[in-house]
There are 2 protein chains.
Amino acid sequence: MLSQTAEYALRAMAHLASLPEEAQTAQQIAGQTLVPLPYLSKVLQLLGKAGLISAQRGLHGGFRLLRLPTEITIYEVVQAVDPLKRITVCPLAIATHGSNLCPLHRQLDNAVGQIEESFRSVTLAEVLSEPGSNRPLCATPNPAV
Amino acid sequence: MLSQTAEYALRAMAHLASLPEEAQTAQQIAGQTLVPLPYLSKVLQLLGKAGLISAQRGLHGGFRLLRLPTEITIYEVVQAVDPLKRITVCPLAIATHGSNLCPLHRQLDNAVGQIEESFRSVTLAEVLSEPGSNRPLCATPNPAV
DNA sequence: AAATAATAGGATATAAATATCCATAAGTAA
DNA sequence: TTACTTATGGATATTTATATCCTATTATTT
C-alpha cells in the first residue's frame, strides 16, 4: 500500500532517530536498514529537500535529523518522498459539480483521510520504542555492525 | 494510494450495481466509466475469477453482478484485483522474533488494517446512493449514451 | 595545497504496472 | 449452417517506479 520509496524513507528516518547525536553516512544507514545504497541516496536527498534532515559532506559527514524525533511525524516522512494524495476532484471527468465528490470517491478519500490522520498522530519517537515492543527496526540481521 | 487497477474495478462494479437487471458489455461499461476498454477487459476477467460477476458471451451477453449490491463490499472488489496486504512479518529481514512486528511496521500495518475495516464496512449499494449526494460516478460526461 | 571522505546529480538499466492489439472461443439469432 | 456478437487469452507496447553507475562537488584533515 505504501510505496517502496516511502518504506525506505521511514526506515532511514527511524534509524536516524535512534542515533540523534551522530551524523550517519548513507552507507551506515543502508547497512542498518537494508536499503540499497544508491537508491537510499536519492531518498535521503528528498528528505533533505523537505527539510527533515541535514546533509554534511566530507569526512565525518553524513545525515542527521533537523528536529527531535518527538517532533517529526511519519506523515511528514511519507509526504516528503511519496505523498498521500487526497481526492479532491472526481478522477472520472471534468468536475462539473465543483468540489462535490461522488459517493464512491468520497468513500475512497475518507480512507485516505484516515491514513493521513493516523500517520499525523505518530512520531518517530513513538515508532522507536513502543511499550513492550521489539527492537525498532525489527530483526536487524547484523546488530553489531 | 489505490492502484489504477483497483480504481477501475470499483468504477466498473459501481456501474454494474447501478443496473443490476441487465447485462452490460465491456464496451458499455468502458464508455460509462471512462476506463480504456482493453484494460477494462482484463480487470473484468479478474472480477469474474473472484466470483463477483458473471460473464456471458455472445449476443446480449455481458457482465452482471453475482450478488446484490447490498451484499458486496468495496473491500471484496479491491481484494479481487489488487489486494491490500497486511504486514505480518517484518519486511527487513528474516523474522527472527516470529510474528512480533517492530513498532514501525506495527504502525504501518495498523494503517492497512484501518483501510481494510473501512472498506469492509461499505457496500456497493452505499457507494451508489449516499444521502444528499451527486450521481454515483461523478460527472458522467455523456449521461445519455 | 593535496589527499581523502562524503554527498549531489545526471545518465542509464531493470522491473513492474498500465495499456493495447489480435486471434480464438463461445454464445445468439436467423 | 451461417453470420454476428461478445468475452478470453496470449503477445506486445508503453509508462512509471525502482535500482545502479559514474562523475562532479563540497568539506575535512594533514
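All of these numbers come straight from a predicted model, not from anything done at the bench. (Residues numbered from 1 in each chain as written. Chains lettered and ligands numbered in written order. Predicted model: local features only at pLDDT ≥ 70, side-chain atom pairs only at ≥ 80, totals over all residues.)

Draft legend 1. Structural context of the packing of helix α2 (residues 26-33) of chain B against helix α3 (residues 37-49) of chain B. Residue and element names in this part refer to chain B. Direction vectors running N to C along α2 and α3 enclose 115 degrees, while the axes themselves pass 9 Å from each other. It follows from the interaxial angle that α2 and α3 lie roughly perpendicular. Classified by chirality, the crossing of α3 by α2 is right-handed. Residues Ala 26, Gln 27, Ile 29 and Ala 30 of α2 pack against Leu 37, Leu 40, Ser 41 and Leu 44 of α3. The residue inventory of the contact of α2 with α3, partitioned by class, reads six nonpolar, two polar and no charged. (Axes fitted to C-alpha atoms, helices over the stretch in contact; angles between N-to-C directions. Helix = DSSP H or I, 4+ residues; strand = E, 2+ residues; numbered from the N terminus. Parallel < 35°, antiparallel > 145°, perpendicular 65-115°, else oblique. Left-handed = near helix turned anticlockwise from the far one by under 90°. Contact = placed C-beta atoms within 7 Å. Nonpolar A, V, L, I, M, F, W, Y, C, P; charged D, E, K, R; others polar.)

Draft legend 2. Spatial organisation of the protein's contact with DNA strand C. The environment of DNA strand C is formed by 26 residues, the closest being A:Ala55, B:Gln4, B:Pro36, B:Pro38 and B:Gly58. Elements with a minimum of two residues in the surface near DNA strand C: α2 (26-33), α3 (37-49) and β2 (62-65) of chain A together with α1 (4-18) and α3 of chain B. Per element, the largest residue contribution to the surface near DNA strand C is four residues, and it comes from α3(A). Residues belonging to the surface near DNA strand C are distributed by class as follows: nine nonpolar, 14 polar and three charged. (Near = placed C-beta within 6 Å.)

Draft legend 3. The arrangement of the nonpolar core in detail. Core analysis: the largest hydrophobic core is formed by 79 residues, its most contacted members being A:Ala9, A:Ala12, A:Met13, B:Ala9, B:Ala12 and B:Met13. The residues contacting B:Ala9, other than those within four sequence positions of it, are B:Val43, B:Leu47, B:Val77, B:Ala80 and B:Val81. (Core = buried A, V, L, I, M, F, W, Y, C linked by C-beta atoms within 7 Å. Buried ≥ 20, exposed ≤ 12 C-beta atoms within 10 Å, placed from the backbone.)

Draft legend 4. Here's a closer look at the environment of B:Leu40. Mapping B:Leu40 onto the fold places it in helix α3. Leaving out residues up to four positions away in the same chain, B:Leu40 has contacts with B:Tyr8, B:Ala12, B:Ala26, B:Ile29, B:Ala30 and B:Val35.

Draft legend 5. Just the confidence of the model for chain A, in detail. Here chain A shows a mean pLDDT of 87. Residues at 70 or above account for 83%. This stretch, residues 141-145 of chain A, has a pLDDT under 50; its non-local contacts, to residues over four places away or in other chains, come to three contacts. (pLDDT = per-residue confidence, 0-100.)

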